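# Examining the three-dimensional arrangement
As a plain string of letters, each chain reads:
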Amino acid sequence: VIDQSFRVGFHYPVHFTRDVFGRANALLKTVVATSSPRRPADLVVVVDDAVVRLHDGLVDRIEGYVAEYRDDLRLTARILAVQGGEEVKNDQRHLDAIHRTIHDGALCRHSYVIAVGGGAVLDAVGYAAATAHRGIRLVRVPTTVLAQDDSAMGVKNGINAFGKKNYLGTFAPPFAVINDLEFLSTLQDRDWLSGVSEAVKVALIKDAGFFAQIEREAPRLVQRDAPTMEEVIRRSAALHLAHISGSGDPFELTSSRPLDFGHWAAHKLEELTRHRLRHGEAVAIGMALDSTYSHLLGELPEPDWTRIVGVIQALRLSVFAPELAEHLDDRAHPRCVLQGLEAFREHLGGQLSVMLLRSIGRAFDVHEIDPGVMMRSIDVLERLEASGAARRPERAVAASAPRGLS
Ligand SMILES: NC(=O)c1ccc[n+]([C@@H]2O[C@H](COP(=O)([O-])OP(=O)(O)OC[C@H]3O[C@@H](n4cnc5c(N)ncnc54)[C@H](O)[C@@H]3O)[C@@H](O)[C@H]2O)c1
Ligand SMILES: [Zn+2]
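The following refers to the structure shown.

So, how was this worked out
Residues numbered from 1 in each chain as written. Chains lettered and ligands numbered in written order. Predicted model: local features only at pLDDT ≥ 70, side-chain atom pairs only at ≥ 80, totals over all residues. Heavy atoms only, no water. Helix = DSSP H or I, 4+ residues; strand = E, 2+ residues; numbered from the N terminus. Buried < 20%, exposed > 50% of the residue type's maximum accessible area, 1.4 Å probe, protein only. Contact = heavy atoms within 4.5 Å. Areas by Shrake-Rupley, 256 points an atom, 1.4 Å probe, with all protein chains shown as cover. Lys, Arg positive; Asp, Glu negative; His and termini not counted. Charge placed at Lys NZ, Arg CZ, Asp CG, Glu CD. Expected span 1.5 Å × (residues − 1). Pairing = 2+ DSSP bridges. Near = heavy atom within 4 Å. Polar contact = N/O pair within 3.5 Å; in protein donor to acceptor, adjacent residues only side chain to side chain. Nonpolar A, V, L, I, M, F, W, Y, C, P; charged D, E, K, R; others polar. Patch = residues over 30% accessible without salt bridge, like charges linked within 9 Å, V, L, I, M, F, W, Y side chains within 5 Å. Salt bridge = Lys/Arg side-chain N within 4 Å of Asp/Glu carboxyl O. Donors = N, O, S within 2.8 Å, 3.2 Å for Na, K, Ca; no water. Arc of directions from axis to C-beta.

## A word on the overall build of the protein chain
Within the protein chain, the secondary structure is distributed over 17 helices and 11 strands. A principal-axis box enclosing the C-alpha atoms of the protein chain has dimensions of 70 × 60 × 35 Å. In the protein chain, which comprises 406 residues, the share counted as buried stands at 57%. Put simply, 76% of the contacts in the protein chain that link residues at least 6 apart link residues at least 24 apart. Here the protein chain displays about 17600 Å² of accessible surface, and carbon together with sulfur accounts for 49% of that area. Charge centroids of the protein chain, computed over 47 positive and 53 negative side chains, lie 2 Å from each other.

The structure is reproduced here in structure tokens:
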């Protein structure tokens, strides 16, 4: 036996700025120039097409930015606009186009791919950058709430394949992340709000104080108050980063997945609804489901459960989708949501591990799910959604929530 062991350290900054491609903003130039072994550094830029469409003159601005800092930066291929949303992860032709741009730009391992877009585009570009030359430096510029408060912070990328979410992907830390709040102004309301789901998620498993902040600020978030959103994004990003760097398992070698609270059902619902639901919308339902299950098991006290579904509804997110209740009489049916547990088990590597809540801010792992209790949880959420509370978020949930669940 020739035994071996080695460690690799990672470091990457997450910056918060405004107008990242403004000529007066030297941040991106500095991030690249201070680390590049070559001057100018070669780069290609891939942008979410919705961002190109909604931010007038963006491509010209990026070209102007690179021209301004021509001693340090050099664009080596035309800026590529790729379709935003889940489609970029569903159709491998988009991945091919990104690889092609990296190839046409003759990037080497010391060059840079700048990815500008929502979580889906960042996942696809990240995967392309991680696989071209076995890894090219990636700078993420997230443009949605969800990408800024969660997905761009992490070390994962990937695309969907064989009908499975994130089936192809790698663990590859970014080189740097730059959060520019100004991009968020053009988001549809559903993207503005659904991205808060991941902040609620990390608060539920780690930080009761943060949950109380979101609860308090929900009306301002609904009114699209940007400073309030910025605070939520910063705190969520910091909690996600602290987990990744401090949990001892950044590359998810064990089965425990705290940051995937609510996600087994969410991923299945995204598939069942053929991505009619955004990831954040599906996560809201998944969290409502696992919180209700935690409560029905006797773990999560009713006042905590009421607050959780209350926050989801105050953020104008649903706690139920019709697909959740389909085929429940045949648990082996591929379109039964409980099959999501099987997919999650396979993804984890054999042993199921699902996060539940003991209280707001305190999570624990279970390795088995009682299907009867899960089906009752679905029923509770269906009634809660039907009661209309989701459309009248100003009403206290307690007034519409079924009493005495347990
Ligand atoms: N890698 C990870 O660790 C991780 C974590 C969480 C989620 N994700 C993934 O992230 C994806 C969801 O990301 P998302 O919520 O950002 O959605 P998204 O990327 O699907 O974007 C939603 C829509 O907003 C558009 N858009 C992007 N920026 C915009 C802007 N500034 N203004 C207007 N429209 C804009 C997109 O084109 C798209 O149509 C899912 O695929 C999910 O699996 C990955
Ligand atoms: Zn998620």
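The structure having been displayed, the exposition proceeds.
## Quick look at helix α5 (residues 92-104)
Residues separated by three or four positions in an α-helix point in the same direction, a consequence of the helix having 3.6 residues per turn. For α5, spanning 13 residues, the distance from its first C-alpha to its last is 18 Å, which sits close to the expected 18 Å at 1.5 Å a residue. Check the buried side of α5 and you find it contacts β2 (41-48), β4 (80-82), α4 (87-90), β5 (112-117), α6 (119-131) and β7 (159-161).

## A short note on the pairing of strand β8 (residues 164-168)
Examined bridge by bridge, β7 and β8 share 2 bridges and lie antiparallel to one another. Across the sheet, residue Ala161 finds its bridge partner in β8, namely Lys164. In this structure, the hairpin formed by β7 and β8 is closed by a connection of 2 residues, where Phe162 is found at a positive phi of approximately 55 degrees.

## Describing the site of ligand 1
Not every one of the 26 residues close to ligand 1 is listed here, only the nearest: Asp48, Glu86, Thr144, Lys165 and Thr186. Side-chain polar atom of Asp123 to a nitrogen atom of ligand 1: 2.9 Å apart, as the coordinates give it. In this structure, Lys165 approaches ligand 1 through a side-chain N or O atom, which is 2.8 Å from an oxygen atom. Coverage of ligand 1 by the protein chains reaches 90% of its 870 Å² of free accessible surface. Within the residue set of the shell around ligand 1, elements represented by two or more residues are α2 (49-54) and α6. Split by residue class, the shell around ligand 1 holds 7 nonpolar, 9 polar and 10 charged.

## Here's the deal with a nonpolar patch on the surface
Where nonpolar side chains cluster on the molecular surface, the patch consists of Phe6, Val8 and Phe10 and spans about 380 Å² of accessible area. Secondary-structure assignment places Phe10 in the segment before β1 (14-17).

## A closer look at the environment of Trp305
Inspection of the secondary structure assignment puts Trp305 in helix α14 (residues 302-314). In the structure, Trp305 is positioned 256 residues away from Asp49 in sequence and 39 Å away in space, judged by C-alpha atoms.

## Digging into the coordination of the zinc ion (ligand 2)
Here the zinc ion (ligand 2) is held by the protein donor atoms Glu198 (OE), His263 (NE2) and His279 (NE2), which lie 2.0 to 2.1 Å from it. Ordering the donors of the zinc ion (ligand 2) by residue number gives the pattern E-x64-H-x15-H. One end of the pair, His263, is in helix α12 (residues 263-272); the other, His279, is in helix α13 (residues 279-296), with 16 residues separating them in the sequence. What makes His263 buried here is its relative accessible area of 4%.

## Here's the deal with the environment of Asp42
Relative to the elements of secondary structure, Asp42 occurs in strand β2. A C-alpha to C-alpha distance of 47 Å links Asp42 and Ile308, two positions 266 residues apart in sequence. Filtering out sequence-adjacent residues up to four positions away, Asp42 remains in contact with Arg74, Thr76, Leu107, Ser111 and Tyr112. At a separation of 2.8 Å, a polar atom in the side chain of Asp42 contacts the side chain of Arg74.

## Considerations on helix α15 (residues 339-348)
Every buried residue of α15 is listed here: Gly340, Leu341, Phe344 and Leu348. Summarising the axial view, the buried residues of α15 lie within an arc of 100 degrees, below the 170-degree limit, and thus occupy one face. Along its buried surface, α15 packs onto α12 and β10 (354-359). Within two residues after α15, Gly349 carries a phi angle of roughly 105 degrees, on the positive side.

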